[in-house]
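Commentary on secondary and tertiary structure
In case you want the letters, here they are:
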Amino acid sequence: RIQYSAKGFGTPMLQESNPLRLLYGYQYCLVTLCRDPARFSFLRALDCTTWPSQVKAPDERITPHRILDLKEDDIATQFPNRFYAMTSMSHLMINDGSPALLNPEQQQALTDWLHFGGTIIINGSDGLDRVESSFLRDYSPLVNTSTSEWTAEDSNLLNSLWTIQRIDDPAPINFTPARSFPKLSGKLADGARWIESLDGLVAEKIVGQGRIVLATFPMNEPSFLRWPSYSSLIHNAILRMPSRTISKPDTETSG
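Residues numbered from 1 in each chain as written. Predicted model: local features only at pLDDT ≥ 70, side-chain atom pairs only at ≥ 80, totals over all residues. Heavy atoms only, no water.

**Examining the pairing of strand 13 (residues 210-215)**
- Burial analysis of strand 13 places six of its six residues in the buried class, the great majority of the element.
- Residues Gly-210, Ile-212 and Leu-214 line one face of strand 13 and the alternating positions Arg-211, Val-213 and Ala-215 line the opposite face, and both faces are buried.
- With five bridges connecting them, strand 8 (residues 119-123) and strand 13 associate as parallel partners. Across the sheet, the residue bridging to Ile-121 is Val-213, located in strand 13.
- Summarising the sheet, strand 12 (residues 202-207) and strand 13 pair through six bridges and their orientation is antiparallel. Counted as the bridge partner of Lys-205 is Ile-212 from strand 13.
- In this antiparallel pair of consecutive strands, strand 12 and strand 13, the connection spans two residues, and Gly-208 shows a positive phi of 60°. (Buried < 20%, exposed > 50% of the residue type's maximum accessible area, 1.4 Å probe, protein only. Helix = DSSP H or I, 4+ residues; strand = E, 2+ residues; numbered from the N terminus. Pairing = 2+ DSSP bridges.)

Pasting the structure below:
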């Protein structure tokens, strides 16, 4: 709540209030840039960004990443223009919204944030197109890119190294694409590398203390969202979080 008063007088000239919601101590903001946020709402359905609480109310959700979508019309007016205003932000995902819409102050703030530990995620060819036409061009992990099609070899790579075994079912569910979709091919930029066991699929480049990561496939492709292991891939390869340990809950019996 903000109150404005004339100097020397106690009567308020203007009063206004803005809705604020404090982050919990474990939370950080994940900001997305997109033309149509509805097309890229997949992050909210993953169990690496939200999961049920086991301690509090059963229907309460734990959300370590507060996802904030910025439409293109809002990028220039709502993105921070100072680095110190970005300390609660951990990741920036570029879907099909253009970072070129940021003004020079915002561009400098974003560059500083990246060098001091932030992570920029580029979502497939749409995201890379926006990056290559912006001030972030030189930070791209992949250069001389072209568009190809997802292949059976790509699926085999995921199924052999990234499909996890479920506790309640010993038979893993493999990744099986329901349709053809595009994939980027190109050359790694200087200082870039492929994520372990994801050659040709996910590349990253370290920038200062931060990183910029590129998924060569559209991350919102429905075939991935139907794959139970997709959340683990996002958690470990894209967000670069520590591996999770999953165990069966203890059950109590009474006589």
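**With respect to the nonpolar core**
- Counting residues in hydrophobic clusters, the biggest one holds 31 residues, and the most contacted among them are Leu-158, Phe-217, Met-219, Tyr-230 and Leu-233.
- Secondary structure elements with two or more residues in this core: strand 3 (28-34), strand 13 and helix 6 (230-238).
- Ranked by residues supplied to this core, first place goes to helix 6 with five residues.
- Among the nonpolar cores identified, the runner-up in size contains 25 residues, and Met-86, Met-89, Leu-92 and Val-207 belong to it. (Core = buried A, V, L, I, M, F, W, Y, C linked by side-chain atoms within 4.5 Å.)

**A closer look at unusual backbone geometry**
- One non-glycine residue, Asn-144, lies in positive phi territory at about 50°.
- Residue position: Asn-144 is located in strand 9 (residues 142-149).
- Among the residues examined, Asn-144 registers a relative accessible area of 64% and is labelled exposed.
- Even without a glycine there, the phi angle at Ser-197 is positive, about 65°.
- Considering the arrangement of structural elements, one finds Ser-197 in the loop between strand 11 (192-194) and strand 12.
- Residue Ser-197 is classed as partly exposed on the basis of its relative accessible area, which comes to 35%.

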